[in-house]
Amino acid sequence: MVGSSDVEERLRTELDVQDLKVQELAGCGTSFALYIVSESFAGKRLLERHKLVNLALAPLMPHIHALSIKKAKTPEEEQGAAEKQKPPSQQQAAAM
């Protein structure tokens, strides 16, 4: 059985991870959702990012039934998304 800590450790070892959340679905140890921010994704399209994640997890994949990559962004993309979520008054203050 694979745990979320195994998935997290493998991703942190293989990719330049700035932020990572691994969620075990249904508590069965075979289904996971993940949210990952990595500099390794710079210049890569979404499919290429997913391939990097799958490659990093290759040794664990025989034990994983389902992997849902909910977010795979670069730090810059994540920062931009955080700025967009701020109220307009805070966005203007940050720009000054």
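Keep in mind it's a predicted model, so treat the numbers as computed, not measured.

Glancing now at the pairing of strand E2 (residues 31-38). Of all eight residues in E2, seven are buried, a share of seventy percent or more. Of the strand pairs in this sheet, strand E1 (residues 17-24) and E2 are connected by seven bridges, and their pairing is antiparallel. Bridging across to E2, Gln23 finds its partner in Ala33. Joining the antiparallel neighbours E1 and E2 is a turn of six residues, in which Ala26 adopts a positive phi near 65°. Read from E2 through helix H2 (residues 46-56) to strand E3 (residues 66-73), the crossover connection turns out right-handed.

Quick look at H2 now. Listed in full, the buried residues belonging to H2 are Arg49, Val53 and Ala56. One side of H2 holds all its buried residues, which, seen down the axis, span an arc of 65°. With respect to the buried face of H2, the exposed residues turned more than 90 degrees away are Leu47, Lys51 and Leu55. Contacts made by the buried residues of H2 are with helix H1 (4-14), E2, E3 and helix H3 (75-85).

Once that is clear, we can look at the pairing of E3. Pairing of E2 with E3 involves seven bridges; the strand directions are parallel. Pairing of Ala33 across the sheet is with Ser68, part of E3.

Bringing the pattern of salt bridges into the picture now. Within this structure, the stated rule accounts for four salt bridges. For Arg10, the salt bridge identified is with Glu14, shortest N-O distance 3.7 Å. With a gap of four residues between them, Arg10 and Glu14 both fall in helix H1, about one helical turn apart. Arg49 serves as the salt-bridge partner of Glu77, at 2.7 Å between the closest nitrogen and oxygen.

Conventions and cut-offs
Residues numbered from 1 in each chain as written. Predicted model: local features only at pLDDT ≥ 70, side-chain atom pairs only at ≥ 80, totals over all residues. Heavy atoms only, no water. Buried < 20%, exposed > 50% of the residue type's maximum accessible area, 1.4 Å probe, protein only. Helix = DSSP H or I, 4+ residues; strand = E, 2+ residues; numbered from the N terminus. Pairing = 2+ DSSP bridges. Right-handed = clockwise from strand over helix to strand, strands pointing away. Arc of directions from axis to C-beta. Contact = heavy atoms within 4.5 Å. Salt bridge = Lys/Arg side-chain N within 4 Å of Asp/Glu carboxyl O.

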